[in-house]
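Given next are the chains, with one letter for each unit.
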Amino acid sequence: MATALFVCLHNAGRSQMSAALFAQAARGRHLALSAGTAPGEQVHPEVVTVMRELGIDVADRTPTRLTTELAEQADVVVTMGCGDRCPFVPGKRYIDWDLPDPKGRPLAEVRAIRDDIAARVRALVEQIDQGENDRL
(Lines give C-alpha, C1' and ligand atoms only; values in the text may rest on other atoms or scores of the structure.)
Protein backbone atom coordinates (compact mmCIF):
# COMPACT_ATOMS: atom_id res chain seq x y z
CA MET A 1 0.00 0.00 0.00
CA ALA A 2 1.35 3.41 -1.00
CA THR A 3 0.48 6.75 0.54
CA ALA A 4 0.00 9.81 -1.65
CA LEU A 5 0.03 13.29 -0.15
CA PHE A 6 -1.64 16.04 -2.17
CA VAL A 7 -0.52 19.56 -1.29
CA CYS A 8 -1.73 22.99 -2.36
CA LEU A 9 -1.75 26.41 -0.76
CA HIS A 10 -5.02 26.41 1.19
CA ASN A 11 -5.96 22.70 1.17
CA ALA A 12 -9.43 23.85 0.22
CA GLY A 13 -9.61 23.01 -3.49
CA ARG A 14 -7.11 21.17 -5.67
CA SER A 15 -5.59 18.99 -2.95
CA GLN A 16 -8.99 18.11 -1.48
CA MET A 17 -10.32 17.09 -4.90
CA SER A 18 -7.14 15.12 -5.61
CA ALA A 19 -7.22 13.19 -2.34
CA ALA A 20 -10.92 12.35 -2.71
CA LEU A 21 -10.55 11.26 -6.33
CA PHE A 22 -7.40 9.26 -5.50
CA ALA A 23 -9.22 7.45 -2.68
CA GLN A 24 -12.08 6.65 -5.04
CA ALA A 25 -9.76 5.38 -7.79
CA ALA A 26 -7.55 3.38 -5.41
CA ARG A 27 -10.53 1.67 -3.74
CA GLY A 28 -8.65 1.00 -0.52
CA ARG A 29 -5.44 -0.22 -2.15
CA HIS A 30 -3.62 3.01 -1.36
CA LEU A 31 -4.02 5.88 1.10
CA ALA A 32 -4.62 9.54 0.23
CA LEU A 33 -3.71 12.48 2.45
CA SER A 34 -4.01 16.20 1.75
CA ALA A 35 -2.63 19.36 3.30
CA GLY A 36 -1.91 23.00 2.63
CA THR A 37 0.93 25.37 3.40
CA ALA A 38 -1.54 28.06 4.52
CA PRO A 39 -4.79 26.16 5.20
CA GLY A 40 -8.10 27.87 4.65
CA GLU A 41 -11.08 27.61 6.96
CA GLN A 42 -13.16 25.28 4.79
CA VAL A 43 -13.28 23.58 1.43
CA HIS A 44 -14.29 26.06 -1.30
CA PRO A 45 -18.06 25.90 -1.96
CA GLU A 46 -17.59 25.49 -5.71
CA VAL A 47 -15.37 22.47 -5.05
CA VAL A 48 -18.03 20.95 -2.79
CA THR A 49 -20.60 21.44 -5.56
CA VAL A 50 -18.63 19.82 -8.39
CA MET A 51 -17.49 16.91 -6.22
CA ARG A 52 -21.07 16.21 -5.15
CA GLU A 53 -21.88 15.86 -8.84
CA LEU A 54 -19.68 12.74 -8.73
CA GLY A 55 -21.25 11.49 -5.50
CA ILE A 56 -18.27 12.58 -3.38
CA ASP A 57 -18.96 14.84 -0.40
CA VAL A 58 -16.00 16.92 0.74
CA ALA A 59 -18.06 19.52 2.65
CA ASP A 60 -17.11 18.14 6.06
CA ARG A 61 -13.37 18.03 5.40
CA THR A 62 -11.18 20.44 7.33
CA PRO A 63 -8.13 21.96 5.66
CA THR A 64 -4.94 20.69 7.32
CA ARG A 65 -1.56 22.38 7.71
CA LEU A 66 1.32 20.69 5.93
CA THR A 67 4.05 19.50 8.28
CA THR A 68 7.30 17.68 7.71
CA GLU A 69 5.86 14.80 9.74
CA LEU A 70 2.91 14.53 7.38
CA ALA A 71 5.21 14.59 4.35
CA GLU A 72 7.32 11.84 5.91
CA GLN A 73 4.26 9.53 5.90
CA ALA A 74 3.95 9.77 2.12
CA ASP A 75 5.55 7.67 -0.58
CA VAL A 76 4.69 10.28 -3.20
CA VAL A 77 4.02 14.00 -2.68
CA VAL A 78 1.98 15.79 -5.33
CA THR A 79 2.32 19.56 -5.13
CA MET A 80 -0.02 22.09 -6.73
CA GLY A 81 1.02 25.68 -6.39
CA CYS A 82 2.66 25.70 -2.97
CA GLY A 83 6.08 26.53 -4.39
CA ASP A 84 9.04 26.76 -2.03
CA ARG A 85 6.80 26.40 1.03
CA CYS A 86 6.45 22.65 0.47
CA PRO A 87 8.90 20.76 2.69
CA PHE A 88 11.39 18.52 0.94
CA VAL A 89 11.85 15.09 2.49
CA PRO A 90 14.73 13.11 0.96
CA GLY A 91 13.75 9.77 -0.54
CA LYS A 92 10.21 10.80 -1.46
CA ARG A 93 8.95 11.03 -5.00
CA TYR A 94 7.72 14.54 -5.82
CA ILE A 95 5.35 15.41 -8.65
CA ASP A 96 4.21 18.94 -9.44
CA TRP A 97 0.85 19.41 -11.11
CA ASP A 98 0.36 22.84 -12.67
CA LEU A 99 -3.33 23.40 -11.94
CA PRO A 100 -5.24 26.66 -11.47
CA ASP A 101 -6.79 27.40 -8.09
CA PRO A 102 -10.54 26.73 -8.35
CA LYS A 103 -11.46 29.35 -5.73
CA GLY A 104 -14.03 31.79 -7.07
CA ARG A 105 -14.07 30.33 -10.58
CA PRO A 106 -17.28 29.53 -12.47
CA LEU A 107 -18.54 25.97 -12.01
CA ALA A 108 -17.71 25.05 -15.61
CA GLU A 109 -14.04 25.91 -14.96
CA VAL A 110 -14.03 24.06 -11.64
CA ARG A 111 -15.48 20.99 -13.38
CA ALA A 112 -12.67 21.16 -15.95
CA ILE A 113 -10.08 21.34 -13.15
CA ARG A 114 -11.79 18.42 -11.39
CA ASP A 115 -11.79 16.34 -14.56
CA ASP A 116 -8.13 17.13 -15.21
CA ILE A 117 -7.29 16.05 -11.66
CA ALA A 118 -9.34 12.86 -12.08
CA ALA A 119 -7.34 11.88 -15.17
CA ARG A 120 -4.02 12.61 -13.43
CA VAL A 121 -5.10 10.66 -10.35
CA ARG A 122 -6.15 7.63 -12.40
CA ALA A 123 -2.74 7.64 -14.09
CA LEU A 124 -0.97 7.91 -10.74
CA VAL A 125 -2.97 5.05 -9.23
CA GLU A 126 -2.21 2.95 -12.31
CA GLN A 127 1.53 3.66 -11.95
CA ILE A 128 1.42 2.65 -8.31
CA ASP A 129 -0.63 -0.46 -9.06
CA GLN A 130 1.86 -1.53 -11.72
CA GLY A 131 4.63 -1.60 -9.17
CA GLU A 132 6.10 1.79 -9.79
CA ASN A 133 5.64 2.44 -6.08
CA ASP A 134 8.88 0.49 -5.67
CA ARG A 135 10.49 3.61 -7.13
CA LEU A 136 8.36 6.02 -5.09
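Fair warning: this is a prediction, and the values are worked out from it, not measured in the lab.

Examining the side chain of H44
Thinking step 1. Structurally, H44 can be placed in the loop between β2 (31-36) and α2 (45-52).
Thinking step 2. In this structure H44 touches A12, G13, D101 and K103, once residues within four positions along its chain are discounted.

Side note on unusual backbone geometry
Where the residue is not glycine, phi is negative for most of them; where a peptide bond is considered, it is trans in most cases.
Thinking step 1. Unusually for a residue other than glycine, N11 sits at a positive phi of about 50°.
Thinking step 2. Within the secondary structure, N11 is located in the loop between β1 (3-8) and α1 (14-26).
Thinking step 3. Unusually for a residue other than glycine, R27 sits at a positive phi of about 50°.
Thinking step 4. Structurally, R27 can be placed in the loop between α1 and β2.

Looking at α1
Thinking step 1. For α1, built from 13 residues, the straight-helix expectation of 18 Å at 1.5 Å per residue is met to within 8% by its first-to-last C-alpha distance of 18 Å.
Thinking step 2. The element α1 is extensively covered by neighbouring structure, given that ten of its 13 residues are classed as buried.
Thinking step 3. Against the buried residues of α1 lie β1, β2, α2, β3 (76-80) and α4 (107-129).
Thinking step 4. Downstream of α1 by a residue or two, R27 has a phi angle that is positive, lying close to 50°.

The rules behind these values
Residues numbered from 1 in each chain as written. Predicted model: local features only at pLDDT ≥ 70, side-chain atom pairs only at ≥ 80, totals over all residues. Heavy atoms only, no water. Helix = DSSP H or I, 4+ residues; strand = E, 2+ residues; numbered from the N terminus. Contact = heavy atoms within 4.5 Å. Expected span 1.5 Å × (residues − 1). Buried < 20%, exposed > 50% of the residue type's maximum accessible area, 1.4 Å probe, protein only.

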